[in-house]
Amino acid sequence: MKKILLSSTIVFISIAVTYSQTSFVGAGKAVNPFHYEIVKTKTFSKASVASAHPLASMVGAEIMKQGGNAFDAAIAVQLTLAVVYPSAGNIGGGGFLVARKTNGQTIAIDYREEAPGKASRDMYLDKNGNAITNLSLNGHLASGVPGTVAGLFETYKYAKLPFKQLIQPAIDIAEFGFVITESQAHGFNVTKESFIKNSTQTPAFVQHNKWKAGDTLIQKDLAETLKRIRDNGQKGFYEGKTAQLIVDEMQRGNGIISLNDLKNYKAKTRTALQFNYKDYKIIGMPPPSSGGVIIWQMMKMIEDKPIASYGCNSTKAVQLMVETERRAYADRAEHLGDPDFYKVPLKEITSSTYIKKRMIDYDSTQATPSKNITAGNVKEHDETTHLSVMDKEGNMVSVTTTLNGGYGCRTVVGGAGFLLNNEMDDFSVKPGVPNMYGAIGREANAIQPGKRMLSSMTPTLVLKNNKPYIVCGTPGGTTIPTSVYQTLVNMLEFNMSPADAINSPKFHHQWLPDVVRVEKDFNPTVRKELSAMGYNIVETNSWCRLEVIKLHTNKQQEIAADKRGDDSVAGF
Ligand code: GLY
């Protein structure tokens, strides 16, 4: 018998599901995949995790209880998300990690997917040179070479516990199952036809009846893939049986990922971006993510303005921030791409003189039309996932990882049980020409074999007086940097708590299209005032799912998970 209780307040939602289980071995007694709660905000003294799913957060906290550090937890959380949050958690996608060790060392790991060896610049164009966008979105050809597993092993250099201990919870939950939430049931039901169309073998997410909250999802093939990673390390994914299953799947569809592409994939350690903002130091991800650069530019554009006196989401504050967003995104499209393939002018576009110049035509009384700001734009999807972790030593880990669209390209690798990404669509399918969504990409992000597609993922850390202060990030495609920006400004300038900072209504401008997206609960008076100043306001569904940890001077870790999803915190 299954029972679901749902109670909701501003800060606490509880889903309790009981299930007559017999065989669960589990991630320790503390984590029961058949009975769990969504917790939105708490304060812990030793260890904190926020992620898109309560089970993943609980596994992360449990790993730290067993003696692991924030890196151990970040690995275990990602592996668990690959099981319990298949719309974005993954081993078939990629991501970025930004971390700071308690000794002051900063770390940036790039495990972004890359274009297969057989990829070519015009691979998504028909014979007349028109973009066939569906090919870069759905099915085998949309997938880049996955980077997540290599990223986990690169992260493992900083961890403490045996890898087997970090992956076992994910294996057990895949093998014996977990109960799904209402939003997951909805996701599986609405994506059913697409799973069937784009997979050559029936995935675990497809069943005859409609899914409902409290149903159990068992993923035996995925459990076996995870066991191969447990037993053979990185090679358990990039070589041997799993690699062969991926290539077999490619051959049953129209895919091009080869055994060599998989064998040659490497996660790359990059130099984290760092800049000062007033008393704070902000640490972010460099290209091929655009996130760190955009945050740098936008924060520096407001640094000399008395924004604290304007108030959160006031017309004055929003107008100023929209203008900074417009300018930073114009630069993103022109200048940013994979630095191993394109000379990104990083020093120039983050210099104080340059950033100051970008705001010379800023007018606080009216909108600057985007057509007066030069540069281009690229299109992205908004199904990604973020996790924030802090341990008792003060190690901070911020990870954003993605399949790109919800459930990636909707192709499950037959016999291996995991979804592939559709990250190829983050390249400019046709440089210099608007794609079907009106977005324009340029040379910096054109397709080349082995190149990594431009991202917006923005895992971010903040130090105050050189001490750990904030761990932050979100999914949301191109909206990621603006959501992180607004959350940082809410906390650093408007002195808001993590929960209030992330839950306050968000707005987004990305240069083109020249519109300001706002959430449904955005202040109607501010909307009217912005419209009167020449802004085109468009209300849309919510787009972010922020996870934030703030370390107080008394060493208490205040943590909050976004109200907008099943996101949940755990710790002790
Ligand atoms: N696919 C979303 C991003 O990388 O920004």
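Provided above is the structure to which this section pertains.
Bear in mind the structure is a predicted one, so any value in this text is a computation, not a measurement.

Peer 1: Report on the pattern of salt bridges, specifying residues and quantitative values.
Peer 2: For the structure on display, the rule yields 29 salt bridges. Note that Arg-270 is salt-bridged to Asp-110, the shortest N-O span being 2.9 Å. Of this pair, Arg-270 sits in strand E10 (residues 268-270) while Asp-110 sits in strand E7 (residues 106-111), placing them 160 residues apart in sequence. The same class applies to Arg-270 as to Asp-110, namely buried. Between Arg-452 and Asp-110 there is a salt bridge, with its nearest N and O atoms 3.1 Å apart. Within this pair, whereas Arg-452 is found in the loop between strand E14 (396-404) and strand E15 (460-464), its partner Asp-110 is found in strand E7, the two being separated by 342 residues in sequence.

Peer 1: Explain the sheet that holds strand E11 (residues 273-277) to me, and be specific about the residues and the numbers.
Peer 2: Ordered in space as E4-E21-E20-E16-E15-E12-E11, the seven strands form an open sheet in which the pairing is antiparallel. One side of each edge strand has no neighbouring strand; the edge strands of this open sheet are strand E4 (41-44) and E11. Shown here is a sheet whose adjacent strand axes are inclined to one another by a mean of 20°, direction ignored. Note that strand E12 (residues 280-284) and E15 share four bridges and pair antiparallel. By the bridge assignment, Ile-283 is partnered in E15 with Leu-461. Docked against the sheet, helix H11 (residues 291-302) engages E11 and E12, running at close to 15° with respect to E11.

Peer 1: Pulling in residues and values, what's your account of the packing of helix H5 (residues 163-176) against helix H7 (residues 220-232)?
Peer 2: Remark: H5 packs on H7, axes separated minimally by 8 Å, with the N-to-C direction vectors making an angle of 170°. One element, H5, and the other, H7, form an angle in the roughly antiparallel class. Each of Phe-163, Lys-164, Ile-167, Gln-168, Ala-170, Ile-171, Ala-174 and Glu-175 in H5 lies in contact with H7, whose residues at this interface are Lys-220, Leu-222, Ala-223, Glu-224, Leu-226, Lys-227, Ile-229, Arg-230 and Asp-231. Looking at side-chain class alone, the contact of H5 with H7 contains nine nonpolar, one polar and seven charged residues.

Peer 1: Tell me what's going on with the sheet that holds strand E5 (residues 48-51), and back it up with residues and numbers.
Peer 2: Taken in spatial order, the seven strands make up an open sheet running E10-E7-E6-E14-E13-E5-E22, and their pairing is antiparallel. Unpaired on one side and paired on the other, E10 and strand E22 (568-571) mark the two borders of the sheet. Going from strand to strand, the sheet's axes swing by 15° on average, the running direction of each strand aside. Direction of pairing for E5 relative to E22: antiparallel, over a ladder of four bridges. In the sheet register, Ser-48 faces E22, and the bridge partner there is Gly-571. Contacting E5, strand E6 (94-100), E7, strand E13 (383-390) and E14, helix H2 (residues 70-84) crosses the sheet at an angle of about 150° to E13. Helix H4 (residues 148-155) rests against E6, E7, E10 and E14 of the sheet, and its axis sits at about 160° to E7.

Peer 1: Give me the lowdown on empty space enclosed by the protein, citing residues and values where you can.
Peer 2: A probe as big as a water molecule, rolled over the atoms, marks out the empty space that is left. A full pass over the atoms with the stated rule returns five cavities of 30 Å³ or more. For the second largest cavity, the calculated volume is near 80 Å³. Contributing to the lining of the second largest cavity are 13 residues, with Ala-82, Gly-89, Asn-90, Phe-418 and Leu-419 lying nearest its centre. Here the residues of the lining of the second largest cavity are counted per class, giving eight nonpolar, five polar and no charged.

Peer 1: Please provide a residue-by-residue account of the pairing of E6, values included.
Peer 2: Residues in a regular strand project their side chains so that they alternate between the two faces of the sheet. The element E6 is extensively covered by neighbouring structure, given that seven of its seven residues are classed as buried. Judged by which residues are buried, E6 turns out to be covered on both faces: Gly-94, Phe-96, Val-98 and Arg-100 on one side and Gly-95, Leu-97 and Ala-99 on the other are all buried. With seven bridges joining them, E6 and E14 adopt antiparallel strand pairing. The residue bridging Arg-100 from the neighbouring strand is Met-396, located in E14. As paired elements, E6 and E7 share six bridges and run antiparallel to each other.

Peer 1: With reference to specific residues and values, describe the side chain of Lys-40.
Peer 2: Secondary-structure assignment places Lys-40 in the loop between strand E3 (38-39) and E4. Buried and unpaired, Lys-40 has no salt bridge, with Asp-567 as the nearest side chain of opposite charge at 4.7 Å. At 2.6 Å, the side chain of Lys-40 forms a polar contact with the backbone oxygen of Asp-562. Looking at Lys-40, its side chain comes within polar contact range of the main-chain oxygen of Asp-567, at 2.7 Å.

About the thresholds
As a convention, each chain's residues are numbered from 1 in the sequence order in which they are written. Residues qualify for local features only when their pLDDT is at least 70, as the model is predicted, and side-chain atom pairs are given and counted only at 80 or more; totals for whole chains, interfaces and linings, by contrast, use all residues. In computing side-chain values, all of the structure's heavy atoms are included and hydrogens and water are not. Whenever a carboxyl oxygen of Asp or Glu lies within 4 Å of a side-chain nitrogen of Lys or Arg, that contact is scored as a salt bridge. Secondary structure elements are defined from DSSP: runs of H or I of at least 4 residues count as helices, runs of E of at least 2 residues count as strands, and each element is numbered from the N terminus. Only protein chains enter the calculation, and the probe is 1.4 Å; a residue is then buried if its accessible area is under 20% of its type maximum, exposed if over 50%, and partly exposed in between. Only strands that DSSP links by at least two bridges are regarded as paired with each other. Axes here refer to lines fitted to C-alpha atoms; in helices the fit is confined to the stretch in contact. Angles between the N-to-C directions go from 0 to 180 degrees. It only takes one pair of heavy atoms within 4.5 Å for two residues to be counted as in contact. Oblique is the label for any angle not under 35 degrees, not over 145, and not in the 65 to 115 range, which are roughly parallel, roughly antiparallel and roughly perpendicular in turn. Amino acid classes used here: Ala, Val, Leu, Ile, Met, Phe, Trp, Tyr, Cys and Pro are nonpolar; Asp, Glu, Lys and Arg are charged; the rest, including Gly, are polar. The distinction between a cavity and a pocket rests on a 1 Å grid over the protein atoms alone: a 1.4 Å probe fits inside a cavity but cannot get out, while a pocket stays open yet meets protein on both sides within 12 Å along at least five of seven lines, and a residue with an atom within 4 Å of a point counts as lining. Grid points are joined across faces, edges and corners, and a volume is the space filled by probe spheres set on the points. In this tally, Asp and Glu contribute negative charge and Lys and Arg positive charge; neither His nor the terminal groups of the chain are included. What qualifies as a polar contact is a pair of N or O atoms within 3.5 Å, subject to a donor-acceptor requirement within protein and to the restriction that residues adjacent in sequence count only when both atoms come from side chains.

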